[in-house]
Amino acid sequence: MVSIRPDEISAILKQQIEDYDKSVSVSNVGTVLQVGDGIARIYGLDQVMSGELVVFEDGTEGLALNLEDDNVGVVLMGEGVGIQEGSTVKATGKIASVPVGQAMLGRVVNSLGLPLDGKGEIATTDSRLIESMAPGIIQRKSVHEPMQTGITAIDAMIPIGRGQRELIIGDRQTGKSAIAIDTIINQKGEDVVCVYVSIGQKAASVANLVEVLRERGALDYTVIVAASASEPASLQYLAPYTGAAIAEHFMYQGKATLVIYDDLTKQAQAYRQMSLLLRRPPGREAYPGDVFYCHSRLLERAAKLSDAMGKGSMTALPIIETQAGDVSAYIPTNVISITDGQVFLSSDLFNSGLRPAINVGISVSRVGGAAQTKAIKKIAGTLKLELAQFDELAAFSQFASDLDAATQAQLGRGKRLRELLKQPQFSPLILAEQVAIVYAGTKGYLDELPVEKVSEFVRELREYLKSSQAEYINAVQTEKVLSDASEATLKAAIKEVVAGLMVAA
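Residues numbered from 1 in each chain as written. Predicted model: local features only at pLDDT ≥ 70, side-chain atom pairs only at ≥ 80, totals over all residues. Heavy atoms only, no water.

**Student:** I'm lost on the overall build of the protein chain in this one. Help?
**Tutor:** Assigned secondary structure in the protein chain consists of 15 helices and 16 strands. Along the longest, intermediate and shortest principal axes, the C-alpha atoms of the protein chain span 125 × 50 × 40 Å. Buried residues in the protein chain amount to 52% of all 505 residues. Across the protein chain, the fraction of contacts at a sequence separation of at least 24, relative to all contacts at a separation of at least 6, is 73%. Per element, the accessible surface of the protein chain, about 23,300 Å² overall, is 52% carbon and sulfur. Averaging the locations of the 48 positively and 60 negatively charged side chains of the protein chain gives two centres separated by 5 Å. (Helix = DSSP H or I, 4+ residues; strand = E, 2+ residues; numbered from the N terminus. Buried < 20%, exposed > 50% of the residue type's maximum accessible area, 1.4 Å probe, protein only. Contact = heavy atoms within 4.5 Å. Areas by Shrake-Rupley, 256 points an atom, 1.4 Å probe, with all protein chains shown as cover. Lys, Arg positive; Asp, Glu negative; His and termini not counted. Charge placed at Lys NZ, Arg CZ, Asp CG, Glu CD.)

**Student:** Mind showing me how you'd approach the layout of surface pockets here?
**Tutor:** Gaps between atoms show up when a probe of the same size as a water molecule is rolled over them. By volume, the largest pocket is sized at about 820 Å³. The wall of the largest pocket is formed by 31 residues, among which Gln-173, Gly-175, Lys-176, Ser-177 and Ala-178 lie closest to the centre. The set of elements that each furnish at least two residues to the lining of the largest pocket consists of helix H3 (176-185) and helix H4 (203-215). If you tally residues by element for the lining of the largest pocket, the top one is H3, at 6 residues. One number sums up the size of the second largest pocket: a volume of about 460 Å³. Forming the boundary of the second largest pocket are 21 residues, of which Ser-50, Glu-131, Tyr-237, Tyr-293 and Arg-297 lie nearest the centre. Secondary-structure elements contributing two or more residues to the lining of the second largest pocket are strand S4 (61-67), helix H5 (233-251) and helix H7 (291-299). When residues of the lining of the second largest pocket are assigned to their parent elements, the largest contribution, 3 residues, is made by H7. Grouping the constituent residues of the lining of the second largest pocket by class yields 11 nonpolar, 4 polar and 6 charged. (1 Å grid on protein atoms, 1.4 Å probe; cavity = no way out; pocket = protein on both sides within 12 Å on 5 of 7 lines; lining within 4 Å. Points joined across faces, edges and corners; volume = space filled by probe spheres on them. Nonpolar A, V, L, I, M, F, W, Y, C, P; charged D, E, K, R; others polar.)

**Student:** Would you explain the sheet that holds strand S10 (residues 167-170) in this entry?
**Tutor:** Strands in a sheet are paired, the pairing made by backbone hydrogen bonds, and the direction either parallel or antiparallel. Sheet architecture is open: 8 strands sit in the order S8-S12-S11-S13-S14-S10-S15-S16, paired in mixed fashion. The sheet is open, and its two edges are formed by strand S8 (108-109) and strand S16 (364-365), each paired on a single side. Across the sheet, helix H6 (residues 264-277) touches strand S11 (192-199), strand S13 (256-262) and strand S14 (313-321), and the angle it forms with S14 is around 75°. (Pairing = 2+ DSSP bridges. Axes fitted to C-alpha atoms, helices over the stretch in contact; angles between N-to-C directions.)

**Student:** Help me understand the pattern of salt bridges, please; the structure alone is not making it clear to me.
**Tutor:** Where side chains of opposite charge bring their charged atoms close, a pairing between them can arise. The tally for this structure, following the rule as stated, stands at 23 salt bridges. Glu-487 is the partner of Lys-378 in a salt bridge, and the nearest nitrogen-oxygen pair spans 3.5 Å. Note that Lys-378 is positioned in helix H10 (residues 374-397) and Glu-487 in helix H15 (residues 484-504), a separation of 109 residues in sequence. A single salt-bridge network, built from bridges that share partners, covers Arg-140, Arg-165, Glu-300 and Asp-340. (Salt bridge = Lys/Arg side-chain N within 4 Å of Asp/Glu carboxyl O.)

**Student:** I'm lost on a nonpolar patch on the surface in this one. Help?
**Tutor:** Where nonpolar side chains cluster on the molecular surface, the patch consists of Ile-9, Leu-13 and Ile-17 and spans about 300 Å² of accessible area. Among the structural elements, Leu-13 can be located in helix H1 (residues 6-19). Under the relative-accessibility criterion, Leu-13 is labelled partly exposed at 48%. (Patch = residues over 30% accessible without salt bridge, like charges linked within 9 Å, V, L, I, M, F, W, Y side chains within 5 Å.)

**Student:** What is the right way to look at helix H11 (residues 405-420) in this model?
**Tutor:** Given 3.6 residues per turn, any residue in an α-helix points the same way as the ones three and four places further on. A rise of 1.5 Å per residue sets the reference length of H11, with its 16 residues, at 22 Å; its end C-alpha atoms lie 23 Å apart and thus fit the reference within 8%. Of the residues making up H11, those classed as buried are Thr-407, Leu-411, Gly-412, Arg-413, Gly-414, Arg-416, Leu-417, Glu-419 and Leu-420. At its buried positions, H11 is contacted by H10, helix H12 (431-442) and helix H13 (454-468). (Expected span 1.5 Å × (residues − 1).)

Here is the structure:
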């Protein structure tokens, strides 16, 4: 018979009491009631937060968006083929966040910050919430530094400043993305971090973009967030917020950043799809009532920070696609009212051979001269006015058979100015070249030159200034001012190039 020793039992019990782990883990678990069309309805996730990530049994992640009395509406972040009715769902307790930091530069990631470029894991421990508050009024400073796009028509007439939100709007295939990509390429050597967010585009288009940026040395300072057309609507909806979070990390470190959302029309459509499937009430054009807030809370994150906050900036270039030039549709009017101006691209101008096809009459920058260097401000004042008058006269002159000399001279000047502003893709101009070209046009040096020779003049003048007048280039680039000495040099150069072309003509 085995004897039971009380002292041994009490020693074991004491040891077990001492080793007892007092921490209690409560896991918030629910059950799938219904799943389909990228939406799951879940019963039992009582403690879940709005915007919290949840994980299904098969590993698919979801985003809790609808918190109702008896169920939670979750948007799936993947295919969710393995999710079945009755399977369990766990709340993670984490709001959606994305990795940020230097390691992101040169990478292509999805809306959750996971790499898509086959270069392995992103070596960073820093992360940032996808949704975060925009800087307040006290934390901001008015926009006062230029964000050079390298496109003469924009930098001269519709200037963009660091911290500004400038909308690029137009029909499909009018060169909206081309302007955004040229702006990224033009930031080489400017210490600006660029984030390009591609929403609902073909994966092949994103691959081409990566190649273009790599060839021109622009991928080193760019992050590409891609939510292609084949991705679920949830990832297309989240992509712009991810791009903003990645840029914000650098902005709060005192750096200048540029974010391009290409395009927000597709994001709004993805949000509409999600909202209708979640049975939220539809509003105008079947968009949900909070689609304005969806865009305003995103674009308000762009800012020029005050000196106390580190002087960083985030410039946003949202892109919106119109149908048959209708800027009065719901999403275009929403975004126009949020942004600080718009660059309107016209399909008529594009088809007539004017590229970039910027309609100067409708395009505007509400920051204006504050975002321009003194050099270009000094000479570009009359440019927009002359082009607007030319558009008016050109329409009128179609009906008039005989025009007086002054009208003919004005039409001639307008035609030459239009030719000057034509610019091939992937060839942004430096400030000194832009100043030279605009100066030649507005001061009347090309009035006698045949219109078909204007593009040749631009090419010749750029070559001549680079090879023979390097001191002019250096002076304007460093001082950002057109001094009397630089102006005299420029006048002589323009006259010489024009004289050479006139002889050849």
